[in-house]
Amino acid sequence: MDSTLLYEKLLESSKERLIEFTKNFPRQEGQFTFVEFNEIAFEKMYKNLKGVVPRQQLFSQVPGLKEVCGGCWAFYLNPRNESVKSLDIKFGKQFENLLKDFFVSIDLQCIRSDDLGLEKNYPDLIVLGKGGKPMAFLEVKYLTAPFIKVFEKVPGRECYEGSTTLDVGKKLEVQRKIVEEEIDVPVYYVYWIDYPCIKGVFFMPAEEVFSYADEAKLEWTRKQREGDFINAGGERVKVGHTKKVYLPLLKMGDFEELVRKLRELVG
């Protein structure tokens, strides 16, 4: 089954729960949908694209892209609300659980790592093989807001491929230590991407993620927001991550390849 069909099935199985969970959140038009335009964008802006080109050069290849870009900019250039870290974590867990349940529905046994009592810095999900043996770990991230001005901040990058954000700093250092020293099966960073243009599930092996982070070091530090801080013991403590690198989407594998790799690992 190809990537777009897999993604459509994921949405079909998840949409009702997503709509209910986000009923009080502002949603971008087209969020949690996949239409013919998105299928064309997937092919022209990811699958068949050999390298990064300015998005304007793709307008003639993807009918409707110019209009979609206009709506995207109008929506995401509005001042963002002060995101609260605890709510972001709950939001993220919804997508982890939906992806877990989808894998189970296609006969890939999958559980949360915290179901095994593993510490919070372990990757989110575990795909199990025979006898319940871990065969792969998955760190899952959901993205719906492209970094639309990345071309200004990181030379040579464009929003459709250069918004695949990765927080760098202490959390990544701790997780990397776990991946490299405690886990002896493949680990994949999995991105559920729901931009107005490109949509799908994409992945990169952990060793490639770490290599890119080492090379890039730091591509952008966003402004701090009130939601990045909590009061703990009478002190204002920063819990949000502001230092970022942006993994190259065009070098990531797609949903079909991820499922195939997981099936091969399970045997």
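Residues numbered from 1 in each chain as written. Predicted model: local features only at pLDDT ≥ 70, side-chain atom pairs only at ≥ 80, totals over all residues. Heavy atoms only, no water.

Draft legend 1. Region of the structure containing the overall build of the protein. Each helix and strand in the protein was counted, giving eight helices and eleven strands. Intrachain contacts of the protein at a sequence separation of at least 6 include 68% that bridge at least 24 residues. Carbon and sulfur atoms provide 51% of the accessible area of the protein, an area that totals close to 13900 Å². (Helix = DSSP H or I, 4+ residues; strand = E, 2+ residues; numbered from the N terminus. Contact = heavy atoms within 4.5 Å. Areas by Shrake-Rupley, 256 points an atom, 1.4 Å probe, with all protein chains shown as cover.)

Draft legend 2. Region of interest: the sheet that holds strand S5 (residues 187-194). Strand order in this open sheet of six strands is S1-S2-S3-S5-S6-S11, and the pairing throughout is mixed. Of all strands in the sheet, those with a lone pairing partner are strand S1 (110-112) and strand S11 (253-254), marking the two edges. Judged from the seven bridges that link them, S5 and strand S6 (residues 199-205) form a sheet pairing that is antiparallel. Following the sheet pairing, Val190 is matched in S6 by Phe203. Strands S5, S6 and S11 of the sheet are contacted by helix H1 (residues 3-21), whose axis makes an angle of about 70° with S5. (Pairing = 2+ DSSP bridges. Axes fitted to C-alpha atoms, helices over the stretch in contact; angles between N-to-C directions.)

Draft legend 3. Summary view of the nonpolar core. Counting 43 residues, the largest nonpolar core has Met45, Cys197 and Ile198 as its most contacted members. For this core, the element with the highest residue contribution is helix H7 (residues 206-216), accounting for six residues. Look past the residues within four positions of Ile198 in its chain and what remains in contact with it is Ala41, Met45, Tyr46, Tyr160, Ile193 and Leu249. Counting 31 residues, the second largest nonpolar core, distinct from the first, contains Leu10, Ile106, Cys110 and Leu125. (Core = buried A, V, L, I, M, F, W, Y, C linked by side-chain atoms within 4.5 Å. Buried < 20%, exposed > 50% of the residue type's maximum accessible area, 1.4 Å probe, protein only.)

Draft legend 4. Representation of the packing of H1 against helix H8 (residues 255-266) in the model. With their axes 7 Å apart at the nearest point, H1 and H8 run at an angle of 85° to one another. The angle between the axes of H1 and H8 places the two elements in the roughly perpendicular class. Contacts between H1 and H8 involve Ser3, Leu6, Tyr7 and Leu10 from the former and Phe255, Glu256 and Val259 from the latter. Of the residues that constitute the contact of H1 with H8, the class distribution is five nonpolar, one polar and one charged. (Parallel < 35°, antiparallel > 145°, perpendicular 65-115°, else oblique. Nonpolar A, V, L, I, M, F, W, Y, C, P; charged D, E, K, R; others polar.)

Draft legend 5. Up close: the pattern of salt bridges. In the structure shown here, the tally under the stated rule is 16 salt bridges. The salt bridge partner of Asp114 is Lys93, with a shortest N-O separation of 4.0 Å. Placement of Asp114 in the loop between S1 and strand S2 (125-128) and of Lys93 in helix H4 (residues 85-105) is noted, with a sequence separation of 21 residues between them. As a salt-bridge pair, Arg260 and Glu264 come within 3.9 Å of each other at their nearest N and O atoms. With Arg260 and Glu264 both in helix H8 and four residues apart, this pair spans about one turn of that helix. Residue classification places Glu264 among the exposed residues on the basis of a relative accessible area of 54%. A single salt-bridge network, built from bridges that share partners, covers Lys93, Glu96, Arg112 and Asp114. (Salt bridge = Lys/Arg side-chain N within 4 Å of Asp/Glu carboxyl O.)

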